[in-house]
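Residue-level listing of the chains:
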Amino acid sequence: MVKPNAKEVGARIRSLRKAKGFTMERFGLEIGGASKGCVSNWERGANIPNPVRLKRISDLTGVPVDELIYGKQSELQKYSTKQLLEELERRTHHEKDGN
């Protein structure tokens, strides 16, 4: 599977938190006691919430965990297509080099 982009995950979390009208502190409390600093780290892309917290964010916001991590299906499809094109490019260069 595609490795999640922490900055993109953070941007989605920030957007969802703000849409719900929560401060970082309140959001952390709502998902089981995460500190304001912890929420800030997620939103800045310093790290990604653990699976338990991702599930709690999903439950609170109504957004599936997969969408929290990878974005909407259309975004994931574009990313996957990009990966396929990069792999095709790599193989083309590999064949041209005679390997």
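Please refer to the structure placed before this passage.
About the cut-offs
Residues numbered from 1 in each chain as written. Predicted model: local features only at pLDDT ≥ 70, side-chain atom pairs only at ≥ 80, totals over all residues. Heavy atoms only, no water. Axes fitted to C-alpha atoms, helices over the stretch in contact; angles between N-to-C directions. Helix = DSSP H or I, 4+ residues; strand = E, 2+ residues; numbered from the N terminus. Parallel < 35°, antiparallel > 145°, perpendicular 65-115°, else oblique. Contact = heavy atoms within 4.5 Å. Nonpolar A, V, L, I, M, F, W, Y, C, P; charged D, E, K, R; others polar. Buried < 20%, exposed > 50% of the residue type's maximum accessible area, 1.4 Å probe, protein only. Arc of directions from axis to C-beta. Polar contact = N/O pair within 3.5 Å; in protein donor to acceptor, adjacent residues only side chain to side chain.

*Asks:* Could you give me a rundown of the packing of helix α1 (residues 6-20) against helix α3 (residues 36-44), with the residues and numbers involved?
*Replies:* Across the interface, α1 lies against α3 with an axial gap of 6 Å and an inter-helix angle of 120°. The angle between the axes of α1 and α3 places the two elements in the oblique class. Contact residues: α1 offers Ala6, Lys7, Gly10, Ala11, Ile13, Arg14 and Arg17, while α3 offers Val39, Trp42, Glu43 and Arg44. By residue class, the composition of the contact of α1 with α3 is five nonpolar, one polar and five charged.

*Asks:* Any chance you could break down helix α4 (residues 51-61) for me, citing the residues and the numbers?
*Replies:* Where α4 is concerned, the buried positions are Leu54, Ile57, Ser58 and Thr61. The arc enclosing the buried residues of α4, seen along the axis, measures out at 100°, which places them on a common side. Those residues of α4 that are buried lie in contact with α1, α2 (24-30), α3 and α5 (65-70). Among the residues of α4, the N-terminal cap falls to Asn50, whose side-chain oxygen and the backbone nitrogen of Val52 are separated by 3.0 Å. Gly62, located one to two residues past α4, shows a positive phi value of around 80°.

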